[in-house]
Structure formats: C-alpha cells, structure tokens
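Survey of secondary and tertiary structure
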Amino acid sequence: MKHSASPRPHGLRAFTLVEILVAVTLFGVAISSTIGFYLYAMRTYQFDIGKCLVNSDFRRFTDQMVNNVTFASQIHILPSFTERTTTTTYTDPITFATKTVTNLNTVANSTSGDFLVLVYQDATTTNIVRLVGYYRAEDSSMKNYGANKFPVRMFDIALDQPASTNIATLLPSTSTLNSSAHRLLFLDSTALGNPNATTSAPGIFTNINGGRTVIVNGELCNRGNNIRKKASNKYNFTVSRRS
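To start, this report covers the structure provided alongside it. (Residues numbered from 1 in each chain as written. Predicted model: local features only at pLDDT ≥ 70, side-chain atom pairs only at ≥ 80, totals over all residues. Heavy atoms only, no water.)

**Some points on the overall build of the chain**
- Looking only at helices and strands, the chain has 1 helix and 11 strands in total.
- Taken from N to C terminus, the helices and strands of the chain fall in the order α-β-β-β-β-β-β-β-β-β-β-β.
- A total of 243 residues make up the chain; the buried ones form 35% of that total.
- A separation of at least 24 residues holds for 66% of the contacts in the chain among residues at least 6 apart in sequence.
- Looking at the chain as shown, the accessible area adds up to about 14600 Å², and 57% of this sits on carbon and sulfur atoms. (Helix = DSSP H or I, 4+ residues; strand = E, 2+ residues; numbered from the N terminus. Buried < 20%, exposed > 50% of the residue type's maximum accessible area, 1.4 Å probe, protein only. Contact = heavy atoms within 4.5 Å. Areas by Shrake-Rupley, 256 points an atom, 1.4 Å probe, with all protein chains shown as cover.)

Shown next, in the form of structure tokens:
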C-alpha cells in the first residue's frame, strides 16, 4: 500500500535559509544601531551632568572665596603648604648671640602660589581671631588624573592671639598636609598661574597690589565614571579685601 505525503495547504510557504539569515542580519544591525545611539545619548547626558557639577562647585567656591577675602584683615600667598616659611639669622645687639627668626615666605607681587592664608583681626582689640587657609597639593592616597592636577583643601581656625603674633607660628603643622581635618573642596584642580604674566610659576593664587588683591586662576575637573568622560572648566576671577 502506497503512502503519499499530505499536500501543503494552499498559499502556505516556509522561509528559506537565505531569508532567515537576511532577517537576522538586519535585526542585528538595527539592535546595534539602537544600542550605539543609546550609549551616545547616555555619554552626552552624563558629560552634561559632569559640567553642571563642575559649575556648581565653582559657584560655591567663588561665593565662599569672595566672602572670606573681602572681610580678611591680611592676605598672604605662599608657594605651597610645605614651602611656607623662611628663616633668617641675626646677632642680638645686647647678648651678641646668634638668633633665628621664622617668617612667612610670601610670594612677590604679581607672582602666584598654591597656599592662600587669610588673617582676621578683631576690630576693637586687633587680636587675631581667625585664620583661614586654602591650598592645593598632591595627595599620594588619591589617584592623579594628569600632570599638575591636585586636590584643593581648606582649613578654618578660631583663635585669640595678640596682633603681634608671628603668623607663621599659627599655621597648621606641615604634617597635617591633606589631613582629613582639612575640608576637601575639589578632587582635581590645575593651576594656571598669573594670567597677566608672560611667564609664571603654576599656582592658583596670584598676589596683586601688595597683598590686597588675589587673582584666582585655574581649571576644575570632574573625574567622570565608566560612562561619563572627564569634564572640566577654567575659572579666573579677582577679589580684594575691603579694608
């Protein structure tokens, strides 16, 4: 007895192997394009977030800096947190003994440094009642994201010392460099020096008008993440103390 295959229903047709391969290829191209566009959009979005974070940090830093410098009694700009003093010797005219004096290593006019010290004195007693410092220094415990890109920190100390007190003796010890007691303002900041000089040592703070005015000139960076690339923004502003 012969068995014959059942006839295929009229109009029903299967896909050929070539058609399936073409369809899979087109589907893969479409998916790849969609994923690529999505990743591009995410990177752009995250980069904009990084820019916003940098601008937000900058505005906060500017507001704080302007307020602190304006009401300071003295402004001192030093090369760095560790290169802050100079030592001189002299002969006592009475005892003829050789003595040493330690003073602040203040940078020259129109020269920049990475350590800004603000001194506040009481209007009535003239006593030194507050000391604020901003400094930029390399931190070996943090990964550096490029040459000359270091964190910026600050300290704020309440005091009650006579006006004649040597400021150098009131500064935090050099051993407290990058201490957790010092507030971290920025993870990465590049110093650009004096914007008005043809050559200048790379420092954030520039001494102008003999310590009455400060030019703050540098670049803030946001490190980004696995999706967002690094964002940065340059800043340059001038602020003077009121008195």
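**Points about the packing of aromatic side chains**
- Using the criterion set out here, one finds 7 aromatic pairs in the structure.
- With a centroid separation of 4.4 Å and an interplanar angle of 40°, the aromatic rings of phenylalanine 81 and tyrosine 135 are classed as tilted. One end of the pair, phenylalanine 81, is in the loop between β1 (74-78) and β2 (85-91); the other, tyrosine 135, is in strand β6 (residues 128-136), and 54 residues separate them in sequence.
- The exposure class assigned to phenylalanine 81 is buried, which follows from its relative accessible area of 1%.
- The ring of phenylalanine 81 has arginine 84 sitting right over it, with the charged end atom 4.7 Å from the ring centre.
- The residue whose ring lies beneath arginine 130 is tyrosine 120, and the NZ or CZ to ring-centre distance is 4.7 Å. (Phe/Tyr/Trp six-rings, centres within 6.5 Å; stacked < 30°, edge-to-face > 60°. Lys NZ or Arg CZ within 6 Å of the ring centre and 35° of its normal.)

**Topic: the pattern of salt bridges**
- By the definition in use, this model includes 3 salt bridges.
- Across the pair arginine 136 and aspartate 114 runs a salt bridge, and its minimum N-O distance is 3.2 Å. In this pair, arginine 136 sits in strand β6 while aspartate 114 sits in the loop between β4 (112-113) and β5 (115-121), placing the two residues 22 residues apart along the sequence. The two residues arginine 136 and aspartate 114 agree in class, both being buried.
- Its salt-bridge partner being aspartate 156, residue arginine 130 comes within 2.7 Å of it at the nearest N-O pair. Of this pair, arginine 130 sits in strand β6 while aspartate 156 is found in strand β7 (residues 149-161), placing the two residues 26 residues apart along the sequence.
- We classify arginine 130 as partly exposed; its relative accessible area is 26%. (Salt bridge = Lys/Arg side-chain N within 4 Å of Asp/Glu carboxyl O.)

**Considering a nonpolar patch on the surface**
- A grouping of Phe27, Ile31, Ile35, Tyr38 and Leu39 is seen on the molecular surface, where their side chains present a nonpolar patch of about 510 Å² in accessible area.
- Structurally, leucine 39 can be placed in helix α1 (residues 17-70). (Patch = residues over 30% accessible without salt bridge, like charges linked within 9 Å, V, L, I, M, F, W, Y side chains within 5 Å.)

**Digging into the layout of surface pockets**
- Of the voids in this model, the largest pocket is the one considered here, and its volume is about 190 Å³.
- In this structure, the largest pocket is lined by 16 residues; those nearest its centre are Pro79, Ser80, Glu83, Asp114 and Arg136.
- For the lining of the largest pocket, a count of residues per class yields 7 nonpolar, 5 polar and 4 charged. (1 Å grid on protein atoms, 1.4 Å probe; cavity = no way out; pocket = protein on both sides within 12 Å on 5 of 7 lines; lining within 4 Å. Points joined across faces, edges and corners; volume = space filled by probe spheres on them. Nonpolar A, V, L, I, M, F, W, Y, C, P; charged D, E, K, R; others polar.)

**Points about the pairing of β1**
- Along β1, 4 of the 5 residues are buried, which leaves the element largely enclosed by surrounding structure.
- As judged from the 5 bridges shared by β1 and β5, these two strands associate in the antiparallel manner. Paired with leucine 78 across the bridge in β5 is phenylalanine 115. (Pairing = 2+ DSSP bridges.)

**Side note on the nonpolar core**
- The biggest cluster of nonpolar side chains holds 26 residues, and the ones touching the most others in it are Phe61, Met65, Leu116, Leu118, Tyr134, Phe205 and Val216.
- Those elements giving two or more residues to this core turn out to be α1, β1, β5, β6, β7, β8 (183-191), β10 (213-222) and β11 (231-240).
- Here this core gets 4 residues from one element, more than from any other, and that element is α1.
- Excluding residues that lie within four positions of it along the chain, phenylalanine 205 makes contacts with Met65, Ile77, Thr111, Ser112, Gly113, Asp114, Phe115, Leu116, Tyr134, Val214, Ile215 and Val216.
- In this structure, Leu78, Phe115, Val119 and Leu171 belong to the second largest nonpolar core, which totals 15 residues. (Core = buried A, V, L, I, M, F, W, Y, C linked by side-chain atoms within 4.5 Å.)

**Description of unusual backbone geometry**
- Phi is positive for serine 110, close to 70°, though the residue is something other than glycine.
- Along the chain, serine 110 falls in the loop between β3 (98-104) and β4.
- In this structure, asparagine 178 takes a positive phi of about 60° despite not being glycine.
- In this structure, asparagine 178 sits in the loop between β7 and β8.

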